[in-house]
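# Fold and contact review
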Amino acid sequence: MATESFNQLPSYPEMIYEALEALNQEGGSNKSAITKYIESKYGDLSEEVAKLLTLHLDNMKQNGDLIFLKNNYIKPGPDVPPKRGRGRPPKPKVPLPPGTETVESAPPKPRGRPRKDPNAPPTTSKKPKPAPAVGPDSIGVGSPTGRPRGRPRKVRPQPAHDDDDDVEES
């Protein structure tokens, strides 16, 4: 057991690869076996180092540097294809025949609405509105149906006159 200082430890991926090669188990090595090997070789490690080891194992698994199979870590062989990212793979690009121009040569259009040109003369494209007619005859003049807009006014019933003088009682 070589007790080296903390500053002289190799990087975590190097220690993990070294542990996998030294243990040389058929189905790979689990995390506890890798940790025990590293502790036996480099001395007792603190809890922070054990957490960092777990973090590096997960990162290497995500990058495709290690294969995680049945709770064991395995070093990938040379014939293993590289790990593909998530999602749908991009379409393969078909080569264009020679002499065909590409659309990519033009600069891309900026996003959003174009800015107003401060040097441009003001435009007067607004049409003047006709003045509304005012008066009692102008009700519903602008409407194609002849009726005014909105709810019609309430009609008040006229009170009936009861003349007691004119009525004869029999």
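Calculation rules
- Residues numbered from 1 in each chain as written.
- Predicted model: local features only at pLDDT ≥ 70, side-chain atom pairs only at ≥ 80, totals over all residues.
- Heavy atoms only, no water.
- Axes fitted to C-alpha atoms, helices over the stretch in contact; angles between N-to-C directions.
- Helix = DSSP H or I, 4+ residues; strand = E, 2+ residues; numbered from the N terminus.
- Parallel < 35°, antiparallel > 145°, perpendicular 65-115°, else oblique.
- Left-handed = near helix turned anticlockwise from the far one by under 90°.
- Contact = heavy atoms within 4.5 Å.
- Nonpolar A, V, L, I, M, F, W, Y, C, P; charged D, E, K, R; others polar.
- Core = buried A, V, L, I, M, F, W, Y, C linked by side-chain atoms within 4.5 Å.
- Buried < 20%, exposed > 50% of the residue type's maximum accessible area, 1.4 Å probe, protein only.
- Polar contact = N/O pair within 3.5 Å; in protein donor to acceptor, adjacent residues only side chain to side chain.
- Expected span 1.5 Å × (residues − 1).

### Quick notes on the packing of helix H2 (residues 31-42) against helix H3 (residues 47-63)
At a minimum axis separation of 11 Å, H2 and H3 run at an interaxial angle of 125°. Between H2 and H3, the angle falls in the class oblique. As H2 packs across H3, the resulting crossing turns out to be right-handed. Contacts between H2 and H3 involve Lys31, Ile34, Thr35 and Ile38 from the former and Leu53, Thr54 and Leu57 from the latter. Looking at the contact of H2 with H3 residue by residue, the classes come out as four nonpolar, two polar and one charged.

### A word on the nonpolar core
Of all hydrophobic cores here, the largest spans 16 residues; its most connected members are Ile16, Ile34, Ile38, Leu57 and Leu66. If you list the elements that add at least two residues to this core, you get helix H1 (12-23), H2 and H3. Sorting elements by how many residues they give to this core places H1 first, with five residues. Here Ile16 is in contact with Leu53, His56, Leu57, Met60 and Leu66, once residues within four sequence places are set aside.

### Re the side chain of Ser29
Mapped onto the fold, Ser29 is located in the loop between H1 and H2. At a separation of 3.4 Å, a polar atom in the side chain of Ser29 contacts the side chain of Gln25. Residues within four places of Ser29 in sequence aside, it is in contact with Leu20, Leu23, Ile34, Asn72 and Tyr73.

### Looking at H1
Counted at 1.5 Å a residue, the expected span for H1 with its 12 residues is 16 Å, and the 16 Å between its end C-alpha atoms agrees. Against the buried residues of H1 lie H2, H3 and strand S2 (72-74). Among the residues trailing H1, Asn24 stands out with phi positive, at a value near 50°.

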